[in-house]
Amino acid sequence: GGAGAGAGGPAAAPGGAEVDIEGCSISAVRGAGREFDKTLKGFRGPILKAMLPPEVEGLHRVVHSLEVLKSSLLRELAAPDALQRADELSADCRRYFSGVAQLKADLSRYGEMQREDGEGGGPSTTGRRKAQPNLPQLEVASSSGRGLAGAA
């Protein structure tokens, strides 16, 4: 099923197949989008509640940027001139795939912190943060805004 790819469906390469620019295709972006959605759900609940306000703000920015990038990629890959912009689309895909992978790694780190906090019978919510994970700043897009609606 291909809803949302554009009115004409995926752009076709000269042979009639879906455009695939160095692994960047509508199918690949949608697949990464499913991983993104699954990962994002993992942040909800106890992990999101345990995050510090600046971490939550950073997460919102990253989520919004990745959502914008995904929408843009799906639209641009479906455009008739997609192959003419192969370099730009390939770079944007790499950024999107990298952003999704980083989000998964961050969720894993926060999950490990949660498990460590649950062990050892230490203090509960107030003094439990030994150290913040070393989360690099993810630069995905320059737009600012809020994502993760209803997660807080």
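Residues numbered from 1 in each chain as written. Predicted model: local features only at pLDDT ≥ 70, side-chain atom pairs only at ≥ 80, totals over all residues. Heavy atoms only, no water.

**Q** In this structure, what is going on with the overall build of the protein? I would like to understand it.
**A** Looking only at helices and strands, the protein has four helices and zero strands in total. In the protein, the proportion of contacts linking residues at least 24 apart, taken out of those at least 6 apart, comes to 74%. Total accessible area on the protein is roughly 8700 Å²; 52% of this is exposed by carbon and sulfur atoms. (Helix = DSSP H or I, 4+ residues; strand = E, 2+ residues; numbered from the N terminus. Contact = heavy atoms within 4.5 Å. Areas by Shrake-Rupley, 256 points an atom, 1.4 Å probe, with all protein chains shown as cover.)

**Q** I tried to follow the state of the cysteines on my own but got confused; where do I start?
**A** Put plainly, a disulfide is one covalent bond tying together the sulfur atoms of two cysteines. Overall, the coordinates contain one disulfide when judged by the stated rule. With a sulfur-sulfur separation of 1.8 Å, C24 is cross-linked through a disulfide to C93. Of note, the bridge from C24 to C93 carries an S-S torsion of about 55 degrees and is right-handed in sense. Of this pair, C24 sits in the segment before α1 (26-43) while C93 sits in helix α4 (residues 86-118), placing them 69 residues apart in sequence. On the accessibility criterion, C93 (2% relative accessible area) is buried. (Disulfide = S-S within 2.5 Å. Buried < 20%, exposed > 50% of the residue type's maximum accessible area, 1.4 Å probe, protein only.)

**Q** I would appreciate a short explanation of the nonpolar core in the present structure.
**A** Soluble globular proteins tend to pack their nonpolar side chains together in the buried interior. In this structure, F36, F43, M51, L73 and Y96 are the most contacted members of the largest nonpolar core, which totals 31 residues. Counting residues per element, the ones that place at least two in this core are α1, α2 (46-50), α3 (53-77) and α4. Broken down by element, this core gets its largest block of residues, nine residues, from α3. Excluding its chain neighbours within four sequence positions, the residues that come into contact with Y96 are V29, A32, G33, F36, L66, L69, K70 and L73. (Core = buried A, V, L, I, M, F, W, Y, C linked by side-chain atoms within 4.5 Å.)

**Q** Even after reading the chapter, I still don't get the pattern of salt bridges, so can you show me in this structure?
**A** Think of it this way: side chains of opposite charge can pair up when their charged atoms draw near. Overall, the coordinates contain seven salt bridges when judged by the stated rule. For R94, the salt bridge goes to E22, with nearest N and O atoms at 3.7 Å. Of the two residues, R94 sits in helix α4 while E22 sits in the segment before α1, which places them 72 residues apart along the sequence. For the salt bridge of R85 with E76, the shortest nitrogen-to-oxygen distance reads 3.2 Å. Beyond isolated ion pairs, a larger network of salt bridges with shared partners links E35, K38 and K104. (Salt bridge = Lys/Arg side-chain N within 4 Å of Asp/Glu carboxyl O.)

**Q** Any chance you could explain the environment of G23 here in plain terms?
**A** In this structure, G23 sits in the segment before α1. What makes G23 partly exposed here is its relative accessible area of 36%. When neighbours within four sequence positions are excluded, G23 is seen to be in contact with A28 and F97.

**Q** Whenever I open this one, the side chain of S25 confuses me. Can you help?
**A** Summarising the element assignment, S25 is placed in the segment before α1. For S25, a relative accessible area of 7% puts it in the buried group. At a separation of 3.0 Å, a polar atom in the side chain of S25 contacts the main-chain amide nitrogen of A28. Not counting chain neighbours up to four residues away, the residues in contact with S25 comprise E18, V19, D20 and L77. (Polar contact = N/O pair within 3.5 Å; in protein donor to acceptor, adjacent residues only side chain to side chain.)

**Q** Any chance you could explain the packing of aromatic side chains here in plain terms?
**A** The geometry of an aromatic ring pair comes down to the distance between the two centres and the angle between the two planes. Here the structure, examined in full by the defined rule, presents two aromatic pairs. Where F43 meets Y110, the ring centres are 6.2 Å apart and the plane angle is 65 degrees; that geometry is what we call edge-to-face. Taken together, the residues span a long stretch of sequence, with F43 in helix α1 and Y110 in helix α4 at a distance of 67 residues. Of the two residues, F43 and Y110, neither departs from the other in class, the shared state being buried. Summarising the aromatic geometry, the rings of Y96 and F97 are spaced 6.2 Å apart at their centres and angled 55 degrees between planes, so their arrangement reads as tilted. For F97, a relative accessible area of 27% translates into the label partly exposed. (Phe/Tyr/Trp six-rings, centres within 6.5 Å; stacked < 30°, edge-to-face > 60°.)

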